[in-house]
Amino acid sequence: MKFSLYNKKNQLDEMQEQTMLSIEARGFWLLWAGLLLAILVQIVLRTPSSQWVGEFVVFMAGCIYTMIECLRNGLWDRHICANTTTNVVGALSACVVVTVVIGLAYGSWLIALIPGVITGVLCFVLLQVCMHAAEKRRKELDNPKDEE
Amino acid sequence: MPKNLKLKAARAEKDMTQSALAEAAGVSRQTINAIEKGEYNPTINLCRSICKILGKTLDDLFWEE
């Protein structure tokens with residue numbers, strides 16, 4: 001029997017492929033949440049940034065790749081509607097998380113509010129920009145120029 | 001999704017096991033089993049492939065009244 005370490009041809013059928021994709025998706029979100037939690041805990045414990053920069057770079061690389069691919073394909077979210085209200089809620093959540101994490105780390109809620117508000121504003125701007133980019137791209141994909 | 005008894009009957013009519021049908025369609029036995037049990041919704045390509053093997057039409061095997 002011929003030994004083969006890697007086979008270019010997909011060895012899964014369509015149902016197995018779908019199962020594998022959902023396993024990979026769950027794995028991705030598990031790693032995403034785990035990395036985020038690990039980074040936040042290290043910030044709260046005031047661990048030197050040199051110790052968690054690796055996790056941060058991997059986390060951001062994953063986030064940026066996912067964001068770019070979603071925008072390129074005109075995708076937003078399965079369950080969350082693309083509108084300003086949901087973006088405000090998202091930005092407020094980011095604001096609260098950053099305020100709490102910095103507040104716990106440095107013990108001053110007033111000082112923690114400054115990076116919290118800045119994060120919230122930046123998050124809102126980014127969400128709005130991405131939402132419009134995704135809508136624009138979806139319209140482009142819905143109306144291809146070479147059709148008809 | 002309801003069970004696909006028409007597929008099971010057509011397979012039995014041809015005296016084929018799930019494994020034989022799976023091999024002919026180029027999928028795993030668990031996929032054929034899941035289709036028959038109504039646990040998996042196959043793509044149109046797989047539906048066509050199964051229909052060709054069993055000598056049936058898409059309406060015969062996959063249309064629900």
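Residues numbered from 1 in each chain as written. Chains lettered and ligands numbered in written order. Predicted model: local features only at pLDDT ≥ 70, side-chain atom pairs only at ≥ 80, totals over all residues.

Going by what an unreviewed UniProt entry lists, chain B is known as Transcriptional regulator and is assigned to Faecalibacterium prausnitzii.

### A look at the environment of B:Met16
Residues and elements named next belong to chain B. Our working rule: Secondary structure elements are defined from DSSP: runs of H or I of at least 4 residues count as helices, runs of E of at least 2 residues count as strands, and each element is numbered from the N terminus. Once C-beta atoms are placed from the backbone, any two residues with those atoms within 7 Å are in contact.
Here Met16 is to be found in the loop between helix 1 (5-13) and helix 2 (18-25). Along the chain, Met16 and Leu54 lie 38 residues apart, while their C-alpha atoms are 9.1 Å from each other. In contact with Met16, other than residues within four places in its own chain, are Arg11 and Leu21.

### Some details on the nonpolar core
Worth spelling out the cut-off: We define a nonpolar core as a collection of buried residues of the types Ala, Val, Leu, Ile, Met, Phe, Trp, Tyr and Cys that are connected via C-beta atoms lying within 7 Å of each other. Put plainly, a residue is buried at 20 or more neighbouring C-beta atoms within 10 Å of its own, exposed at 12 or fewer, and partly exposed in between, counting only other residues' C-beta atoms, which are placed from the backbone.
Of all hydrophobic cores here, the largest spans 11 residues; its members are B:Leu7, B:Ala10, B:Leu21, B:Ala22, B:Ala25, B:Val27, B:Ile32, B:Ile35, B:Leu46, B:Ile50 and B:Leu54. Of all elements in the fold, only helix 1, helix 2, helix 3 (29-36) and helix 4 (44-54) of chain B reach the threshold of two or more residues within this core. Ranked by size, the runner-up nonpolar core spans five residues in total, among them A:Cys95, A:Val98, A:Ile102 and A:Cys123.

### Quick look at the UniProt feature "transmembrane region" (unreviewed entry) in chain A
Residue and element names in this part refer to chain A. So the rule is basically this: UniProt positions are given in the numbering used here, feature names are shortened, and annotations may be inferred rather than shown by experiment.
When the UniProt feature table is mapped to this numbering, "transmembrane region" (unreviewed entry) covers residues 28-45, 51-68, 80-103 and 109-129. End C-alpha to end C-alpha, residues 51-68 measures 28 Å, and it is 100% helix and 0% strand. Helix and strand shares over residues 80-103 are 83% and 0% respectively, and the end C-alpha atoms of the span are 29 Å apart.

### Brief notes about the confidence of the model for chain B
Worth spelling out the cut-off: Per residue, pLDDT measures the predictor's confidence, with a range of 0 to 100.
Looking at chain B as a whole, its pLDDT mean stands at 94, while 100% of the residues score no less than 70. Across the assembled chains, the prediction reports ipTM 0.85 with pTM 0.82.

### Details of the UniProt feature "domain: HTH cro/C1-type" (unreviewed entry) in chain B
The feature "domain: HTH cro/C1-type" (unreviewed entry), as annotated in UniProt, sits at residues 7-61 of chain B in this numbering. Annotated as residues 7-61 of chain B, this span is 69% helix and 0% strand, and its ends, taken at the C-alpha atoms, are 6 Å apart.

### Observations concerning the packing of helix 3 (residues 84-106) of chain A against helix 4 (residues 109-142) of chain A
All names here are of chain A. So the rule is basically this: Where helices are involved, their axes are fitted lines through C-alpha atoms of the stretch in contact, as for all axes, and angles between N-to-C directions lie from 0 to 180°. Note on angle classes: values under 35 degrees are labelled roughly parallel, values over 145 roughly antiparallel, values of 65 to 115 roughly perpendicular, and the remainder oblique. Definitions for this section: a left-handed crossing has its near helix turned counterclockwise from the far helix by less than a right angle. A right-handed crossing has that turn clockwise. We call Asp, Glu, Lys and Arg charged. Ala, Val, Leu, Ile, Met, Phe, Trp, Tyr, Cys and Pro are nonpolar, and the rest, Gly among them, are polar.
Contact geometry for helix 3 and helix 4: axes closest at 7 Å, N-to-C directions at 150°. As the angle between them shows, helix 3 and helix 4 are arranged roughly antiparallel. Pair helix 3 / helix 4 crosses with right-handed handedness. Of the residues contributing to the contact of helix 3 with helix 4, the split by class is 18 nonpolar, eight polar and no charged.

### Side note on the domain arrangement of chain A
Residues and elements named next belong to chain A. Which entries qualify depends on this criterion: Domain ranges listed in this record stem from an automatic or a database domain assignment.
Annotation of chain A at the domain level lists domain 1 (15-72) and domain 2 (77-148). A separation of 17 Å is found between the C-alpha centroids of domain 1 and domain 2. At the interface, eight residues of domain 1 touch seven residues of domain 2. Among the elements that take part in the side of domain 1 that touches domain 2, helix 2 (residues 49-72) stands out by supplying four residues, more than any other. Of the residues contributing to the side of domain 1 that touches domain 2, the split by class is six nonpolar, no polar and two charged.

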